[in-house]
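The chain contents come next:
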2 protein chains.
Amino acid sequence: MTGKVYSASTTAPVNIATLKYWGKRDTKLNLPTNSSISVTLSQDDLRTFTTASASESFESDRLWLNGKEESVQGNRIQACFTELRAMRKVLEDTNPELPVLSRYHLHIVSENNFPTAAGLASSAAGFAALVRAIANLFELPHSPEELSRIARQGSGSACRSLFGGYVAWEMGHEADGSDSRAVQIATQEMWPDMKGAILVISASKKETSSTVGMQTTVNTSSLFKYRAEVVVPQRFKEMSAAILAKDFETFGKLTMIDSNQFHAVCMDSSPPIFYMNDTSRLVVGLIETVNKIYGRVVAAYTFDAGPNAVLYYLEKDGPIVLGLLKAVIPEVDGWDKKPSTASIAATVPEGVDQRNFASIRDGVSRIILTGVGPGPQTTDDSLINGEGLPK
Amino acid sequence: MTGKVYSASTTAPVNIATLKYWGKRDTKLNLPTNSSISVTLSQDDLRTFTTASASESFESDRLWLNGKEESVQGNRIQACFTELRAMRKVLEDTNPELPVLSRYHLHIVSENNFPTAAGLASSAAGFAALVRAIANLFELPHSPEELSRIARQGSGSACRSLFGGYVAWEMGHEADGSDSRAVQIATQEMWPDMKGAILVISASKKETSSTVGMQTTVNTSSLFKYRAEVVVPQRFKEMSAAILAKDFETFGKLTMIDSNQFHAVCMDSSPPIFYMNDTSRLVVGLIETVNKIYGRVVAAYTFDAGPNAVLYYLEKDGPIVLGLLKAVIPEVDGWDKKPSTASIAATVPEGVDQRNFASIRDGVSRIILTGVGPGPQTTDDSLINGEGLPK
């Protein structure tokens, strides 16, 4: 193999929506039926690391995910490649000194630092890292907003992982998707004390994929349109304002009711779609009870297209929230990853019914303790060797 | 004890809604936010038997339910007594020969032929029987429609148990509730081959009472109003027409999507209300699969404010539906009550995934095989002895 191997690497974060994306108005371009909002999670706990390389000597586009070569023939990944190469070509056309990377094949190597079996949406971090790594390789001057339009075509929610902190995906209205992109509402630094705890709950049966599920909802739910057109636009304004005001009470309430409404429209679909299971519901009941006891939102739950519970809470309430979780699920994997939590004592607030603790314990396999984090990080580390293959 | 004891007895049926009642616009008068439709079930399987008696010698109004004396001080039961006595008084005023039962105290004895622990809505049959028995005692000439307005004040859905067959509760629009009453859409004889199978599923935790739950939904769900005002009126017309046309395909589809939507608005409430559990959802999945395999609605599921599944199907499909249920839950109580089913062989249609059968089996404790049935039946049997006390 001859020819210089150009390469660039990045990490990209997972994001968990607090105002849910569910439904596409254009399935090819991944244009959503409503705007959404998410919190970007710390890459210490959950991240994709991707190296993109290009060389005249590469014979085809290739991709390795978590050590296994995968096809690059999918429409979604091809759309990303095409758009990024077109951007690179504009640079090359104006500067003949540049290597013509837009004409070289790409080798991409990508790895997650979390178990894929956990059922955590890894496609968002994956496509964000893919787009960001190639953009770095191509030395594209485009803003994260502009790149987010491309990541969106890979996986809708990936557009939000181009930013850290608190992120909105503005649905846009153009048919070509040019105005459907992510923007940052607030940086991590503006509201740094947002913590997250993910309770990994195993699904008892194969779930409906979100791609199939959301279009089932769009096509069959009689409540969905009202949600997308009337309810979400109002919540979007309220949640954006709550984030800017660092108003956790409002942010948390909206997060919970929007998660519940997302699962409500899933259930209103035909056939009905159920992502939450009995364990998920017991966690909801536990958090609702604790919030009621304290007379405020101590923790807010949200559930994506699966049974896992994600809890958001403020750092100051860590002793309450983590103390409770230690009482409920003391033995699960994950506590050991955060030695700082070792000093928190298991505590059950008076008034919490402990009879469901055993059922929750049976259903939860792992806890991932995390918090708000930054966007993609360029790194000099590389997953690719001098010959353009996975190390 | 002296004084003649006047008495009259009736049975009244359970009804299971196919277009759900959920939400009151007037909680005192039990005026609903939308019209609803139900099928009245056979009293061979589920009924309340009530004797009402009156005597000058009774010292107070008294009520015995399933062998236990209960208070009659509740607003709902008092509303029924007051309305029925007023109707009786009109008769007495025009005919001085009549005994003045309207001024006597009442002794009521009531018994169900099904275990209350089964979590089956017994209040509908209970209040229908109470109103019908007192109306019989008072020899009221009023139509079941008129009596249904009174039963409605006892328990909303009780108004539908004044009729057999297929029954609508027209929500009405008057503030005094005078036009909120049940009417019969079709008699049992017009569509006699409707069968029902109730799978009794135990709840893992105490459920939200429907009285509390529905007002939580009315007050907090942002999707509920759209359901009540836009979705249900259209479905009401479609389901009424399907019943008159004996169009099970349409009837069944509407029944399923309306059950799902009812549970969707429960989930869209704050705090969210969950009545279905993992077993309920596995039953939904099973029925959806079977209907897909057959390419038509073989059975339609519906769930009230609890985890029990009610399946409606046509008699001709008994071998398919009961054959499947025999394969899934062969050992539960209830099969023995219908010796006619002994000849049906356990049969699993090709394409049904049997891996969930064990989970369903673990969650279902009983099957009640029933079908469409008649309205309240006057009977000469009595639950009260010559002294006006329970036999």
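In case you missed it, the structure is sitting above this.
Residues numbered from 1 in each chain as written. Chains lettered and ligands numbered in written order. Predicted model: local features only at pLDDT ≥ 70, side-chain atom pairs only at ≥ 80, totals over all residues. Heavy atoms only, no water.

**Q** Teacher, can you tell me more about the interface of chain B and chain A here?
**A** A common way to state how big an interface is: give the accessible area lost once the parts meet. With 28 residues of chain B at the contact, the number on the chain A side is 29 residues. For the pair chain B and chain A, the two sides together bury roughly 2,400 Å², of which 67% comes from carbon and sulfur. Considering only the surface of chain B that becomes buried against chain A, B:Leu223, B:Met267 and B:Arg281 emerge as the three largest contributors, covering 26% of it. At the boundary of chain B with chain A, the tally comes to two salt bridges. A:Asp278 is the partner of B:Arg281 in a salt bridge, and the nearest nitrogen-oxygen pair spans 3.3 Å. Across the chain B-chain A interface, the total number found is nine residue pairs in polar contact (both at pLDDT 80 or more). Of the residues in the side of chain B that touches chain A, the class split is 14 nonpolar, seven polar and seven charged. (Contact = heavy atoms within 4.5 Å. Buried area = accessible area lost by both parts, 1.4 Å probe. Salt bridge = Lys/Arg side-chain N within 4 Å of Asp/Glu carboxyl O. Polar contact = N/O pair within 3.5 Å; in protein donor to acceptor, adjacent residues only side chain to side chain. Nonpolar A, V, L, I, M, F, W, Y, C, P; charged D, E, K, R; others polar.)

**Q** Would you mind showing me how to read the sheet that holds strand E8 (residues 68–70) of chain A here?
**A** Pairing between sheet strands relies on hydrogen bonds along the backbone, with the strands arranged either parallel or antiparallel. Residues and elements named next belong to chain A. Read across the open sheet, the six strands follow the order E8-E7-E9-E6-E1-E16; overall the sheet is mixed. The open sheet is flanked by E8 and strand E16 (377–379), the only strands paired with a single partner. Sheet twist, expressed as the mean angle between neighbouring strand axes with direction ignored, is 25°. Across three bridges, the pairing between strand E7 (residues 62–65) and E8 is antiparallel. Note on E8: the bridge partner recorded for Leu63 is Glu70. Along the sheet, helix H2 (residues 123–137) makes contact with strand E1 (6–13), strand E6 (47–55), strand E9 (105–112) and E16, crossing E1 at roughly 145°. (Pairing = 2+ DSSP bridges. Helix = DSSP H or I, 4+ residues; strand = E, 2+ residues; numbered from the N terminus. Axes fitted to C-alpha atoms, helices over the stretch in contact; angles between N-to-C directions.)

**Q** What is the right way to look at the sheet that holds strand E9 (residues 105–112) of chain B in this model?
**A** All names here are of chain B. An order of E8-E7-E9-E6-E1-E16 is seen for the six strands of this open sheet, with the pairing classed as mixed. Where the open sheet ends on each side, the last strands, each with one partner, are strand E8 (68–70) and strand E16 (377–379). Across the sheet, the mean angle separating the axes of adjacent strands is 25° when strand polarity is ignored. Relative to strand E6 (residues 47–55), strand E1 (residues 6–13) runs antiparallel, the two sharing eight bridges. By the bridge assignment, Ala8 is partnered in E6 with Ala52.

**Q** How do you make sense of the packing of aromatic side chains when you look at a structure like this?
**A** To describe a pair of aromatic rings, one takes the distance between the centres and the angle between the planes. Residue and element names in this part refer to chain A. What the rule picks out here adds up to 19 aromatic pairs over all chains. Taken together, the aromatic side chains of Tyr166, Trp191, Phe248, Phe251 and Tyr312 make up a single cluster linked through ring pairs. Lying across the ring of Trp335, Lys326 places its NZ or CZ 5.5 Å from the centre. (Phe/Tyr/Trp six-rings, centres within 6.5 Å; stacked < 30°, edge-to-face > 60°. Lys NZ or Arg CZ within 6 Å of the ring centre and 35° of its normal.)

**Q** What's the story with the relation of the copies chain B and chain A in this structure? I'm lost.
**A** Both copies of the chain are related by one operation, a rotation about an axis with a shift along it. When chain B is fitted onto chain A, the two copies agree to an RMSD of 0.0 Å after a turn of 180° and an axial shift of 0.0 Å. On the angle and the small slide along the axis, the relation comes out as a two-fold axis. Minimal C-alpha distance to the rotation axis in chain B is attained by B:Ala264, lying at 2.1 Å. With an isologous cut-off of 70% or more, the 100% of interface residues of chain B that recur at the interface of chain A puts this contact in the isologous class. (Least-squares fit on C-alpha atoms with pLDDT ≥ 70 in both.)

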